[in-house]
Amino acid sequence: MPRPHPSIRRAVVLVVDALRYDFAAWDPTLELTEGAVVPETDYYRNKLTVFHNVTNGHARLYQFEADPPTTTLQRLKGLTTGSLPTFIEMGTNFGGGDTLTDDSLLAQIAATGRRTTFLGDDTWMLLFPHLVNRTFPFPSLDVWDLHTVDDGVSRHLFEEMHRGDWDLLIGHFLGVDHAGHRYGPAHPAMSAKLRQLNGLIRRVTEELPRDAALFVLGDHGMDPKGDHGGDSALETGAALWIFAHQDVFADRGRVGTLDDPVAVNQIDLVPTLSLLLGLPIPMENLGTVIPDLFTDAKTALQVNAAQVRRYLDLYASVAASELGSNYARLILLADSDPAKFLAETLEFFRAIWARFDLVAMVGGIVAQIASVLLLIADLAPWRRSLSPLDLIPLVTAAVYFSNSFVVLESQIVAYLLQVILVVSALTATNTSTRVRLVLVSLAHALVIDRIAMCREEHGPDCVGTFHATTWSALAGFVSLAVAVVAVPRTANLQFRVSAVLLAAYWLVEDEWVLLPPALAELGRAVPVALARVHGAWLVAFTIFLLVSRRTRLTNLVSLLLAAVIQVHRPAGIPALVGAVAALDSVPASLVPVTAHLLIRSAFFATGHQATIASVAWNVGHTGLWSTHMVLSPLMVAANAVGHVLVVGAAARSAGARWRILAAECVHAAAASVAATVLRRHLMVWKIFAPRWMLAVLFAVAAGFAAVFGGV
C-alpha cells in the first residue's frame, strides 16, 4: 500500500532502555507546596516535559506493552521482527545470543537498498552486524555506568541526523536502565538522567528533518527496585511517543493519560513502521498496525492481515496439528474482520508458543526419581536416626503443586523453622545451648523473617523491607559484629579481617560514609578496590590453609561465608550468619532438616523470591569495571544459591550433608512432576517454572556441598 503520509520517508527511533510509562506520562496531581512531603514519584514523574508540551496533533503517547521476559535482547527481537519471545531465550541476554537471521525491519530496509545508522547499546551489533551501514556502538553491560553510552549517543546523534544518508536512524540510551539497577527509580540520579534526556529529545524535535518521524520508546519498564526481566505491570508497561512536524494524528484515536493510557503491543511497532516507510512487513510479524497513524486504517489493517495470514499458512504447512480447527476459524476472520483476525491470531500463538515433549519430560522425571531412590538407599546407615521432624521435607514438597503455596512459601518455611528451633530449645540438656537456641529463634522471629522481598502476587499491602529500610541494613552490620565475637565458626582472624573489609565496602558503596573530596573524585574506584582487596585476602588465606594443613572445616565455613556475603547487600547478612549459628546450636540429629529449611529461609531473607525479577543481576559487577563473562555469572549464582554451600559446610558431618542432598533431590523431583502436570496452568511461567528452576539449583548446589563440603 502507499505510504499513509507521503512526505514522511524516514524515521528516527530513540530507544530509552527501561522507559516506564509513568516516567513519560504527565501527572497533574504532582503539585508540591512549600514544606510538603516529597513523594517517591517526584524523582521520576513530570521530568520528560517534552512529551507533555508538544501539541497533540503532532505527537501521541502510548503505553507500550512488552511480552515477558522483559530483558533487552528479547525485547529488541520483538521490536524488530514483530515475533513473540520464548521463556528460555532470556538466558541469551548476557552475551549468549546469536546474529538474528529472522526477517526483520532492518532486513527489509537492507533488502530494498536503503540504509540504517545505529548509535548506542552494542547489543544491536550482536543481532544485526550485517544490516547496519554506520555504527557507533558502546559497551552496554556495566550497569554501574550511567553516562558512557548516553554521552556517546548524544555526541554523534545530531551530526548523523543532519548527514541525510540514512532511512532509519536508531539511538539506544542506557542511562535510565542503569540508574534503576544501581539506585532504583526513586533516586536523584534518575531525576538527573530523565532531565538530561528531556533536553536531548526536545532538541531532536527541533532539528528533526521534515521528512522524518520520531519514535521514542522503552524496551521494557522496571520494578520498584529498578530491576526487570519478569512480567509485572511495571516491568511490561513501557512508553512509546511518536512525533512528526506534520499533523499525522489529526483527530484520530484517543489521547491517553497517566491513569487511563492507550495501550499498544510492542510488536505493533513493526507493521506500523514498515507501512509508514513503505516497506514489506517482516514475515514473522504478529503485531497490528497502530491505526491512529493511518488515514486509511481499513486498508492498512487488510495489508497487515494478509501478511499474518501468509505466516499462518506457512505455520500450518509444518505444524497443522497444533492449529487444529483454529486454522479455518482464523482464516474466515482474515477476510471478514481483519482487526479481530489479528488480535485473535496473536492470542492463539501466545497460548501455543510453548511446546512440550511429554515423552522426554516423563523420562527425565523417571530418571530423577530413580536417582533419589538410589541415594536414599545408600543412606541406610542413617535411617535409624530419623525422627518425625525429618519428614518435614516430604511435607514441604507439596508446595510445588499449589500456586498459593509457592507464593506464601517464605511464611510456611519461617513457621516450620521456628518449630525446629523451639523444640530444640525445649529438649536441650545444656543451659548454654538452650540460651543460644532461644537467641537464634528470637533473631529469626524479630529480624531475619522480617527482612523480605515482595512479589506481585503478594498484593499492594506487602511492604518489602530488604531494599527500602535503614534498619535492615543496620542489622547487617550488627550481624557482622556478632559473627566476629559470638559465632564459633567465624570468630577467627580470617573472618575478622573480612568483616572489616566488607563493612568498609558497603559503607562506601551504599554511600553511608561520604568520601573526602580527594577520594570522591575517584568515584567507583574505591568500592571496586575494596572488593578486590577482600577477594585477594580470601585467596591468600585459602592458600595459607592448603600449605599449612590447618584444621579445615571451621575455616571453610568462615571462608565461604565471607565470600558469599561479598555478593549480598548488608540486609542479607543476618540470614547468612543466622544460618551458621542455628546449625551450630541444634542437635546433630536435626541438622539435616534444619539445613533444609535454612536454605529456603536464607534465600528469602537475602532479597529473593522464586521469580525472575528478583535475580540480583547487579552483583555481577562487584569488584569489576564491566561485565566479565565468567566472573559476573558466578557472582550472580553465588548471590542466589551460594548460601547453600555455606549451609552444607556448616552441617558438621558428611552424613548430614548427604541427607541434605537427598532432601533437595526429593524436592527437585517433586518440582519436576508438578511442572509437568501443571504445564498448561495459567501461572506456569510466572510461578511454577521459576520455582522448578530454583529447586533444581538448590539440588545442584547441595550436591557440590555434599561432595566438597568437608574438604
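The rules behind these values
- Residues numbered from 1 in each chain as written.
- Predicted model: local features only at pLDDT ≥ 70, side-chain atom pairs only at ≥ 80, totals over all residues.
- Heavy atoms only, no water.
- Helix = DSSP H or I, 4+ residues; strand = E, 2+ residues; numbered from the N terminus.
- Rg over C-alpha atoms; globule rule 2.2 N^0.38 Å.
- Buried < 20%, exposed > 50% of the residue type's maximum accessible area, 1.4 Å probe, protein only.
- 1 Å grid on protein atoms, 1.4 Å probe; cavity = no way out; pocket = protein on both sides within 12 Å on 5 of 7 lines; lining within 4 Å.
- Points joined across faces, edges and corners; volume = space filled by probe spheres on them.
- Nonpolar A, V, L, I, M, F, W, Y, C, P; charged D, E, K, R; others polar.
- Disulfide = S-S within 2.5 Å.
- Axes fitted to C-alpha atoms, helices over the stretch in contact; angles between N-to-C directions.
- Parallel < 35°, antiparallel > 145°, perpendicular 65-115°, else oblique.
- Left-handed = near helix turned anticlockwise from the far one by under 90°.
- Contact = heavy atoms within 4.5 Å.
- Core = buried A, V, L, I, M, F, W, Y, C linked by side-chain atoms within 4.5 Å.
- Salt bridge = Lys/Arg side-chain N within 4 Å of Asp/Glu carboxyl O.
- Polar contact = N/O pair within 3.5 Å; in protein donor to acceptor, adjacent residues only side chain to side chain.
- Phe/Tyr/Trp six-rings, centres within 6.5 Å; stacked < 30°, edge-to-face > 60°.
- Lys NZ or Arg CZ within 6 Å of the ring centre and 35° of its normal.
- Patch = residues over 30% accessible without salt bridge, like charges linked within 9 Å, V, L, I, M, F, W, Y side chains within 5 Å.
- Areas by Shrake-Rupley, 256 points an atom, 1.4 Å probe, with all protein chains shown as cover.
- pLDDT = per-residue confidence, 0-100.
- Pairing = 2+ DSSP bridges.

Some remarks on the overall build of the protein chain
For step 1, the next point in the chain: Scanning the protein chain for helices and strands turns up 29 helices and eight strands.
For step 2, the next point in the chain: Against the globule reference of 27 Å for 711 residues, the protein chain gives a C-alpha radius of gyration of 28 Å, in line with a compact fold.
For step 3, the next point in the chain: Structurally, the protein chain occupies a C-alpha span of about 85 × 65 × 50 Å along its principal axes.
For step 4, the next point in the chain: Burial statistics for the protein chain: of 711 residues in total, 55% are counted as buried.

A word on empty space enclosed by the protein
For step 1, the next point in the chain: According to the stated counting rule, one finds four cavities of 30 Å³ or more in the structure shown.
For step 2, the next point in the chain: As a volume, the largest cavity reaches approximately 90 Å³.
For step 3, the next point in the chain: Around the largest cavity sit Val-13, Val-15, Leu-79, Thr-80, Leu-105, Leu-106, Trp-124, Leu-168, Ile-170, Leu-217, Leu-269 and Leu-273, which together line it.
For step 4, the next point in the chain: Sorting the residues of the lining of the largest cavity by element identifies strand 1 (10-16), helix 3 (72-81), helix 4 (105-111), strand 5 (168-173) and helix 10 (269-276) as the ones contributing at least two each.
For step 5, the next point in the chain: Considering only residue class, the lining of the largest cavity consists of 11 nonpolar, one polar and no charged.
For step 6, the next point in the chain: Of the voids in this model, the second largest cavity is the one considered here, and its volume is about 50 Å³.
For step 7, the next point in the chain: The wall of the second largest cavity is formed by Trp-144, Tyr-505, Glu-509, Arg-524, Pro-527, Val-528, His-621, Thr-622 and Gly-623.
For step 8, the next point in the chain: Those elements giving two or more residues to the lining of the second largest cavity turn out to be helix 21 (493-509) and helix 23 (525-548).

Looking at the state of the cysteines
For step 1, the next point in the chain: Enumeration over the complete set of coordinates arrives at one disulfide.
For step 2, the next point in the chain: Cys-454 shares a disulfide with Cys-462; S-S distance 2.0 Å. Disulfide Cys-454 to Cys-462: torsion about the S-S bond roughly -90 degrees, handedness left-handed.

Digging into the layout of surface pockets
For step 1, the next point in the chain: Estimated volume of the second largest pocket: approximately 990 Å³.
For step 2, the next point in the chain: Around the second largest pocket, the lining comprises 29 residues; the ones closest to its centre are Ala-563, Val-564, Leu-634, Met-635 and Ala-638.
For step 3, the next point in the chain: Of all elements in the fold, only helix 23, helix 24 (553-566), helix 27 (631-649) and helix 29 (684-708) reach the threshold of two or more residues within the lining of the second largest pocket.
For step 4, the next point in the chain: Broken down by class, the residue content of the lining of the second largest pocket amounts to 21 nonpolar, seven polar and one charged.

A closer look at the packing of helix 18 (residues 409-427) against helix 19 (residues 431-446)
Helix packing for two helices is described by the angle between their axes and how far apart those axes are.
For step 1, the next point in the chain: The interhelical angle for the contact between helix 18 and helix 19, taken along N-to-C directions, is 160 degrees, at an axis separation of 9 Å. By the angle between their directions, the pair helix 18 and helix 19 is classed as roughly antiparallel. Both helix 18 and helix 19 take part in a crossing whose hand is left-handed. Judged by residue contacts, Leu-417, Gln-418, Leu-421, Val-422, Ser-424 and Ala-425 of helix 18 engage Arg-434, Leu-437, Val-438, Val-440, Ser-441, His-444 and Ala-445 from helix 19.

Comments concerning the environment of Trp-506
For step 1, the next point in the chain: If you trace the backbone, Trp-506 turns up in helix 21.
For step 2, the next point in the chain: Each C-alpha atom of the pair Trp-506 and Pro-527 lies 7.9 Å from the other, and the pair is 21 residues apart in sequence.

Comments concerning the nonpolar core
For step 1, the next point in the chain: One finds Leu-480, Phe-495, Leu-561 and Ile-565 to be the most contacted residues of the largest nonpolar core, which totals 72 residues.
For step 2, the next point in the chain: Excluding its chain neighbours within four sequence positions, the residues that come into contact with Ile-565 are Leu-480, Phe-495, Leu-502, Trp-506, Ile-573 and Leu-576.
For step 3, the next point in the chain: Counting residues in hydrophobic clusters, the runner-up holds 67 residues, among them Ala-11, Leu-79, Ile-242 and Ala-334.

Things to note about the pattern of salt bridges
For step 1, the next point in the chain: Applying the stated criterion to the full structure yields 23 salt bridges.
For step 2, the next point in the chain: The shortest N-O distance in the salt bridge between Arg-10 and Asp-211 comes to 3.0 Å. Taken together, the positions of Arg-10 in strand 1 and Asp-211 in the loop between helix 8 (188-207) and strand 6 (212-217) put the pair 201 residues apart, joining distant regions of the chain.
For step 3, the next point in the chain: Judged by its relative accessible area of 24%, Asp-211 falls in the partly exposed class.
For step 4, the next point in the chain: One salt bridge in this structure joins Arg-134 and Glu-160, with 2.7 Å as the shortest N-O distance. You can see Arg-134 sitting in strand 4 (residues 134-138) and its partner Glu-160 sitting in helix 6 (residues 148-163), a full 26 residues away along the chain.
For step 5, the next point in the chain: Using a relative accessible area of 2% as the deciding quantity, one classes Glu-160 as buried.

Focus on the side chain of His-608
For step 1, the next point in the chain: Tracing the backbone shows His-608 in the loop between helix 26 (591-605) and helix 27.
For step 2, the next point in the chain: There is a polar contact of 3.1 Å between the side chain of His-608 and the side chain of Thr-606.
For step 3, the next point in the chain: Within polar-contact distance, the side chain of His-608 engages the side chain of Asn-639 at 2.6 Å.
For step 4, the next point in the chain: Every residue in contact with His-608, bar those within four places of it in the chain, is listed here: Met-453, His-568, Phe-603, Ser-614, Asn-639 and Ala-640.

A word on the packing of aromatic side chains
For step 1, the next point in the chain: Applying the stated criterion to the full structure yields 15 aromatic pairs.
For step 2, the next point in the chain: The interplanar angle of 50 degrees and the centroid separation of 5.7 Å between the aromatic rings of Phe-541 and Phe-544 together place this pair among those described as tilted. Within this pair, Phe-541 and its partner Phe-544 are both found in helix 23, separated by three residues, close to a single helical turn.
For step 3, the next point in the chain: The class of Phe-544 is partly exposed, set by a relative accessible area of 39%.
For step 4, the next point in the chain: Positioned over the ring face of Tyr-44 is Arg-20, at 5.1 Å from the centre of the ring.
For step 5, the next point in the chain: Over the aromatic face of Phe-158 sits the side chain of Arg-203, whose NZ or CZ is 3.7 Å from the ring centroid.

Some remarks on a nonpolar patch on the surface
For step 1, the next point in the chain: Nonpolar side chains collect at one region of the surface, where Val-435, Val-438, Leu-439, Leu-442 and Leu-446 lie side by side and expose about 430 Å² of accessible area between them.
For step 2, the next point in the chain: Within the secondary structure, Leu-442 sits in helix 19.
For step 3, the next point in the chain: Residue classification places Leu-442 among the partly exposed positions, given a relative accessible area of 42%.

Things to note about the confidence of the model for the protein chain
For step 1, the next point in the chain: Model confidence for the protein chain is summarised by a mean pLDDT of 86, while 90% of its residues fall at 70 or above.
For step 2, the next point in the chain: Scored below 50 in pLDDT, residues 91-96 makes 11 contacts in the model with residues more than four places away or belonging to other chains.

Re the packing of helix 6 against helix 8
For step 1, the next point in the chain: Contact geometry for helix 6 and helix 8: axes closest at 11 Å, N-to-C directions at 5 degrees. With respect to each other, helix 6 and helix 8 are oriented roughly parallel. Counting all contacts with helix 6, which are made through Asp-150, Asp-151, Ser-154, Leu-157, Phe-158, Met-161 and His-162, the residues of helix 8 involved are Lys-193, Gln-196, Leu-200, Arg-203, Val-204 and Glu-207.

Considering the sheet that holds strand 6
For step 1, the next point in the chain: Taken in spatial order, the eight strands line up as 4-3-5-1-6-7-2-8 in an open sheet, and their pairing is mixed. Each edge of the open sheet carries a strand with a single partner, namely strand 4 and strand 8 (263-265). Strand-to-strand, the axes of this sheet are offset by a mean angle of 20 degrees, without reference to chain direction.
For step 2, the next point in the chain: Bridge analysis of strand 1 against strand 5 gives six bridges, and the strand direction is parallel. When the sheet's bridge partners are listed, Val-12 is paired in strand 5 with Leu-169.
For step 3, the next point in the chain: Against the sheet, helix 10 makes contact with strand 1, strand 2 (59-65), strand 5, strand 6 and strand 8, and its axis sits at roughly 170 degrees relative to strand 6, the strand it touches most.

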